[in-house]
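Residues per chain are reported as follows:
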Amino acid sequence: MHAGQASTVASGWAQRRELGRVPDEARQHAVAMRDGVRLATDVYLPGRGRWPVLVCRTPYDKVGAECFLPDVAAWLSDRGFAVVLQDVRGKARSDGQFDPHRQEIADGHDTLDWIAAQPWCSGRIGAFGDSYSGYAAWAAAATGHRNLAAIAPRVCSPDIDGTRHRGGVLELERFCLWALETALDESLYDGALDWSIRPLARIVPAALGVDAIPVVDRSLASPVAPLTLPARSRVSVLHMGGWWDIMRTGQMDAWRTMRRRRGHYLVMDAVDHAWLPLADPGSSPRDPRPTARSWDRFLDRYLGGLDQFFSSVLTDRTSHSLARIRINHPWIGWREEPRWPPPDTRRKVGYLDARGAQGRLSATPAPHSRVAWSHDPSDPVPSLVNPFWTLALPPDLACLAERDDVQSFALPEQDWPLDLAGPAAISASITSSAPSTHVIATLVDVYPDGRRMLIATAATAAHRPWPRRISIDLGDVCCRIRPGHRLAVHIASSSYPAFAVHPGTDAPPWTATRTQPSQQSLQCGGDDPSLLMLTTRPSGLER
Amino acid sequence: MRGFSPWADPTASRASASVRAYDEIRRMILHGELAPGSLIAEEQLAAELGISRTPLREALHALLREGLVREAPRRQLTVTTVTRDRLTEVLDLRDTLEQFATRRAAATLDIEGIDVLRLNLIQQRRAARAGQTERYLDLDDEFHVRIAAHNNLGLTTEFLAQLRSYIRIALLGAAPADQEWDPLTAADQHEAILDALEQSNADGAAALMAAHLANTRRILETTEQPRVWQRA
């Protein structure tokens, strides 16, 4: 491909991305689906003979730099797997119209049929992938195809709409970034989004220079039903996620519903959606690509668990047993756990207390107090955090706690660590002058020098009658609050563009053009207390 | 930064400067951005491509060997022109070579070879529907040349690529103006040829190829005053 083909879309500013080059070692195929549409499919073989096969299906260009899948294929084929990489229907070099998520069940099944019929296939197939590709692996497993023995979906959930709208609020930024890159046509697009555009529905079309994007409208209008495994499914699943991944809650929900089945394993790392590791704030992120050695080290870390899992399920060559639950506890390290949450954890409640200059979280119910703030949809609270590479240059959120429209409640400083390890949630009593509103809760780690680093964030929509008891599910949270640090929770009515901003009127946030400021208040203590519920290890609060 | 990865695109500079320059200048010639007969302004071209003179010279040498640029007086280089006499010879040779390569392919092309051509066909139809004529013609050339290349017909492949480049230069400005020429119809003909090849039907594939090639010939011969004849 050459520079002349990269073109700017008419009147938009996003750039069409050039497709990557198919490596010489890939055998290229055009695999026909049941309706005759052919999907571009590359095969990487370790040598002559029959091999267990690992398949990854992606909308992000199977040979593009973004997902570096040819490097992944080379790494896996060095370890005795045949690897199949495929552009999904309607994307990159594959034919047909892109119908995201819905199309992956039938196409996943037909691709497995094709693989199983190839002379290089041992008959045992695994599917893997991050994010959308992980969803495609779930979709393949949902078919119950008899040759699919194992899947390793990473940073994804089989319930796509459930991760997109948590608590009834659209996770706007990541949805729009995804739509910009993926949803227009077979190409991939890069460019900045103008978050000041209203209605929100115009943000992505404006960047692409189009009036509408049918795929986006359809995705929001008719949600995709969650994928489920057939009752008799014997597929093994390696559930892989990160504590700073945007799909964390949906992914943990999926693991939780399936954890009693045979062959389900959980690995949670201290990473974000792009599998970047947690590092001390202020330290510069390390690009793993500069040298072949650093890149190999990255691939070893990124793929090591996959190799172990697929080797044990698809081949006879390993006998070691896999740990059912492996957790990388932030600031502590890797531990195998017998259960999740671990058996030695207990529920802990922090009561929101607004008396005094600084909001506090107290261990006992506090007398009645109340905080009020205004929500101005034209000046929302900035979210600051990148949804995909959250840990690349994690921002200091201390500036948010300074704002009048953000309420902060903190635990007192302790001399011993507080270990969070399990579900966290807010239950609060909210009143608004608007007919409905959003409430956003953000857990932060307050450093001794005052920096505030993100632990987890979540939102919920609330509506009349007021006061309304709301609950915000922060999902499973895992972090050590080290001695000298404090745990705090921020409560606000917006976090933009992470979440769709509430217009302050009855109009749907996605299409609203007119906005109106509103007054919000939160009741603390008294007979209708607001509280933060945590799952902690006794080394912390109990001591 | 792009997509879900915060790191810059590492593939951007993988190909050497001379290879990138060769690809880009070749594209400029075939797309008519460097007009037939025009002088190659080396300094300007190097600046435009953001490369130094040495890789540019290497690229121009390769294009000289391929016949896409010619030596002019005072050691200067010009973009090749194709005269009317030369074009007739080019078309005759092309027809002969493609029939030969197609018959051979019917006997030797395996499913992988067929599939690579089918993937090209998907791109052809996309380009055709989007009205990207030059992109379509690039894919069209690639399709025909690959039929020979998959047979290990090295010389045939080389000659065919050169002949098709001459036809591109001769066709410049003609094809988009021709109302009867429809790239989607041409893509359908490509698919019919592929189906015959997949069934190892040598006679059928060769006949379909002959009919398909006759089309471009007709366009060249019926279009009034394509650029080639004005300049020759």
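Residues numbered from 1 in each chain as written. Chains lettered and ligands numbered in written order. Predicted model: local features only at pLDDT ≥ 70, side-chain atom pairs only at ≥ 80, totals over all residues. Heavy atoms only, no water.

S.K.: Tell me about the overall build of chain B, residues and numbers included.
M.R.: Within chain B, the secondary structure is distributed over ten helices and two strands. Counted from the first residue to the last, chain B has its helices and strands arranged as α-α-α-β-β-α-α-α-α-α-α-α. Taken over 232 residues, chain B has a buried fraction of 49%. Intrachain contacts of chain B at a sequence separation of at least 6 include 72% that bridge at least 24 residues. (Helix = DSSP H or I, 4+ residues; strand = E, 2+ residues; numbered from the N terminus. Buried < 20%, exposed > 50% of the residue type's maximum accessible area, 1.4 Å probe, protein only. Contact = heavy atoms within 4.5 Å.)

S.K.: Describe in detail the overall build of chain A, supporting the description with residues and values.
M.R.: The helix and strand inventory of chain A stands at ten helices and 25 strands. Computed over the C-alpha atoms, the radius of gyration of chain A is 24 Å, within 12% of the 24 Å expected from 2.2 N^0.38 for a compact globule of 543 residues. Relative to its 543 residues, chain A shows a buried fraction of 61%. Relative to all contacts within chain A whose residues are 6 or more apart in sequence, the contacts with residues 24 or more apart total 76%. Accessible surface, chain A as shown: approximately 21000 Å² in total, 49% of it carbon and sulfur. On chain A, the mean spot of the 60 positive side-chain charges and the mean spot of the 59 negative ones are 6 Å from each other. (Rg over C-alpha atoms; globule rule 2.2 N^0.38 Å. Areas by Shrake-Rupley, 256 points an atom, 1.4 Å probe, with all protein chains shown as cover. Lys, Arg positive; Asp, Glu negative; His and termini not counted. Charge placed at Lys NZ, Arg CZ, Asp CG, Glu CD.)

S.K.: Describe the confidence of the model for chain A, and please don't skip the residues or the numbers.
M.R.: Residue-level pLDDT values for chain A average 93, and 97% of them are 70 or greater. Note on residues 1–9 of chain A: pLDDT is under 50 here. Beyond four places in sequence and across chains, it has 22 contacts. (pLDDT = per-residue confidence, 0-100.)

S.K.: Hey, could you go over the pattern of salt bridges for me, with residue numbers and the actual values?
M.R.: Per the counting criterion, the structure on display carries 50 salt bridges over all chains. For Arg166 of chain A, the salt bridge identified is with Asp253 of chain A, shortest N-O distance 3.6 Å. Here the residue Arg166 of chain A occupies a position in strand E8 (residues 165–166), and Asp253 of chain A occupies one in helix H8 (residues 248–258), the gap between them amounting to 87 residues. Overall, the relative accessible area of 16% leaves Arg166 of chain A in the buried class. Look at Asp253 of chain A and you get partly exposed, because its relative accessible area is 33%. With a shortest N-O distance of 3.7 Å, Arg126 of chain B and Glu186 of chain A are connected by a salt bridge. Remark: Glu186 of chain A occurs in the loop between helix H5 (172–182) and strand E10 (189–190) and Arg126 of chain B occurs in helix H5 (residues 111–129); the pair is interchain, linking two chains. Look at the salt bridges and you will find they share partners, linking Glu98, Glu134, Asp138, Asp140, Asp141, Arg164 and Arg168 of chain B into a network. (Salt bridge = Lys/Arg side-chain N within 4 Å of Asp/Glu carboxyl O.)

S.K.: Outline the sheet that holds strand E11 (residues 236–244) of chain A, supporting the account with residue identities and numerical values.
M.R.: Residues and elements named next belong to chain A. Spatially, the ten strands line up as an open sheet ordered E2-E3-E5-E4-E6-E7-E11-E12-E13-E14, and their pairing is mixed. Because the sheet does not close on itself, it has two edges, and the strands there are strand E2 (27–32) and strand E14 (333–336). Neighbour-to-neighbour, the strand axes of this sheet turn through a mean angle of 20°, independent of strand direction. Sheet topology places E2 next to strand E3 (residues 38–44); six bridges connect them, and they run antiparallel. Pairing of Ala32 across the sheet is with Arg38, part of E3. Along the sheet, helix H9 (residues 292–314) makes contact with strand E4 (51–58), strand E6 (121–130), strand E7 (148–154), E11 and strand E12 (264–272), crossing E7 at roughly 165°. (Pairing = 2+ DSSP bridges. Axes fitted to C-alpha atoms, helices over the stretch in contact; angles between N-to-C directions.)

S.K.: Any chance you could break down unusual backbone geometry for me, citing the residues and the numbers?
M.R.: Residue and element names in this part refer to chain A. Cis rather than trans, the peptide bond between Arg198 and Pro199 has omega equal to -5°. Position of Pro199 relative to the elements: it lies in the loop between E10 and helix H6 (203–208). Even without a glycine there, the phi angle at Ser131 is positive, about 60°. With respect to the secondary-structure elements, Ser131 resides in the loop between E6 and helix H3 (132–142). Classification of Ser131 by relative accessible area gives buried; the value is 11%. For Trp275, which is not glycine, the phi dihedral falls at a positive 65°.

S.K.: Can you lay out the nonpolar core for me, pointing to particular residues and giving the numbers?
M.R.: In terms of nonpolar packing, the biggest core is built from 69 residues, with Phe128, Leu172, Phe309 and Phe310 of chain A touching the most fellow members. Counting residues in hydrophobic clusters, the runner-up holds 42 residues, among them Leu30, Val69, Leu160 and Ala186 of chain B. (Core = buried A, V, L, I, M, F, W, Y, C linked by side-chain atoms within 4.5 Å.)

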